[in-house]
Amino acid sequence: MIKLVLIGYGKMGKTIDALARQEGFEVIAKINSEHDWISGRLKLNEADVAIEFTTPAASAGNIRRCFEIQLPVVCGTTGWENEKESIKNECISNHKTLIVAPNFSLGVNIFFMVNRYIAGLMNAANQFDIEIEEIHHVHKLDTPSGTAKELANDLIKLVDRKTSWVNHETNVKSELPVISKRAGEVPGTHIVRYFSAIDEIEIKHSAKSRSGFAFGALLAAKWIKGKTGYFTMDDLMQSMFANRVK
């Protein structure tokens, strides 16, 4: 059984904890405060992997603490992009292990693949404009979501007529609007719309609960055990789907 540390014990941490044993994990420590880092030090040294879901302000520091004790990390926190490049360089140069993703849900990562494929086709279909809409619960700290940023950045790379994205409606043709909405306890919905004067194509992913994110994070934890390096979900998806992923 894989020995797991949960860093962050909010809603995601509790969901992962509830699913861990049936997926072949033993949760040996839960880190939710500075005191937990100290009191759980011995158990941390016994762990095989850590899963980190905390806050943008805390995430990079948590990852570095895991690096110090040679503990592989699955990081699902979003909103700390300003430190991501330095963490990546530290991971690679010091032979640590980290996998990061804006969303670990298997369904969302298939959604990313579908979006990239359609974006490649739409690059030649100039009559279509594009927009992204994302809806999350009112407690979400970052706007737009990491998933929406990933979708938008892929579109910017693949559709020549879009050169940047903005987090509001826009009439500037080169800008891709990403519309963020916050309501109730919605786990997460993302919609990409391609529309013209005569028709519309829409792809949509709706999370029914946090379980999809938790299962994906546990899948990633199994996948990185024994590996060294910096990874994203694209690497895991490549290994899962092999020749089917382009």
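Residues numbered from 1 in each chain as written. Predicted model: local features only at pLDDT ≥ 70, side-chain atom pairs only at ≥ 80, totals over all residues. Heavy atoms only, no water.

Asker: Lay out the sheet that holds strand β3 (residues 49-52) in plain terms, naming residues and giving numbers.
Answerer: Spatial strand order, β2-β1-β3-β4-β5-β11: six strands in an open sheet with parallel pairing. Either end of the sheet is taken by a strand with one partner, and the two such strands are β2 (25-31) and β11 (229-232). On average, each strand axis in the sheet is tilted by 20° relative to the strand beside it, whichever way the strands run. Where helix α9 (residues 233-241) meets the sheet, it contacts β5 (97-100) and β11, and its direction lies at approximately 75° from that of β11. (Pairing = 2+ DSSP bridges. Helix = DSSP H or I, 4+ residues; strand = E, 2+ residues; numbered from the N terminus. Axes fitted to C-alpha atoms, helices over the stretch in contact; angles between N-to-C directions. Contact = heavy atoms within 4.5 Å.)

Asker: Which residues make up the pattern of salt bridges, and what values go with them?
Answerer: On inspection of all chains with the given rule, the structure shows 17 salt bridges. Between Glu-131 and Arg-193 there is a salt bridge whose closest N-O contact spans 3.1 Å. Placement of the pair is Glu-131 in strand β6 (residues 129-136) and Arg-193 in strand β9 (residues 189-195), with a sequence separation of 62 residues. Accessibility expressed as a relative area gives 15% for Arg-193, which makes it buried. Between Glu-133 and Lys-181 there is a salt bridge, with its nearest N and O atoms 3.2 Å apart. Here the residue Glu-133 occupies a position in strand β6, and Lys-181 occupies one in strand β8 (residues 175-182), the gap between them amounting to 48 residues. Note on Glu-133: relative accessible area 11%, which makes it buried. (Salt bridge = Lys/Arg side-chain N within 4 Å of Asp/Glu carboxyl O. Buried < 20%, exposed > 50% of the residue type's maximum accessible area, 1.4 Å probe, protein only.)

Asker: Describe the nonpolar core, listing the residues and the values that go with them.
Answerer: Membership of the largest hydrophobic core comes to 28 residues, with the highest contact counts inside it found for Leu-4, Ile-16, Ile-51, Val-74 and Phe-104. Listed by contribution, the elements that provide at least two residues to this core are β1 (2-7), α1 (11-20), β3, α8 (211-224) and α9. Per-element accounting of this core gives the leading share, eight residues, to α8. In this structure, Ala-29, Leu-44, Val-100 and Tyr-230 belong to the second largest nonpolar core, which totals 22 residues. (Core = buried A, V, L, I, M, F, W, Y, C linked by side-chain atoms within 4.5 Å.)

Asker: Account for the sheet that holds strand β7 (residues 164-166), with residues named and values stated.
Answerer: Strand pairs in the sheet, formed through backbone hydrogen bonds, run parallel or antiparallel to each other. An order of β7-β8-β6-β9-β10 is seen for the five strands of this open sheet, with the pairing classed as mixed. Strands at the two margins of the open sheet, each flanked by one partner only, are β7 and β10 (200-206). The average angle at which neighbouring strand axes cross in this sheet is 20°, direction not considered. Taken strand by strand, helix α6 (residues 106-122) contacts β9 and β10, and its axis lies near 165° from that of β10.

Asker: Would you mind going over the packing of aromatic side chains in detail, with residue names and values included?
Answerer: According to the stated counting rule, one finds one aromatic pair in the structure shown. For the ring pair Trp-223 and Phe-231, a centre distance of 5.2 Å and an interplane angle of 85° mean the geometry is edge-to-face. A relative accessible area of 17% means that Trp-223 is categorised as buried. The ring centre of Trp-223 lies 4.4 Å from the NZ or CZ of Lys-227, which sits over that ring. (Phe/Tyr/Trp six-rings, centres within 6.5 Å; stacked < 30°, edge-to-face > 60°. Lys NZ or Arg CZ within 6 Å of the ring centre and 35° of its normal.)

Asker: Please give an account of the environment of Leu-158 that cites residues and values.
Answerer: Tracing the backbone through its elements, the reader meets Leu-158 in helix α7 (residues 146-158). The partly exposed category is assigned to Leu-158, whose relative accessible area is 32%. In contact with Leu-158, other than residues within four places in its own chain, are Arg-116, Ala-119 and Asn-123.

Asker: Which residues make up α6, and what are the values?
Answerer: Look at α6: 24 Å from first C-alpha to last across 17 residues, which is about the 24 Å you get at 1.5 Å a residue. For α6, the full list of buried residues reads Val-108, Asn-109, Phe-111, Phe-112, Asn-115, Ile-118, Ala-119 and Met-122. Those residues of α6 hidden inside the fold are in contact with α7, β9, β10 and α9. (Expected span 1.5 Å × (residues − 1).)

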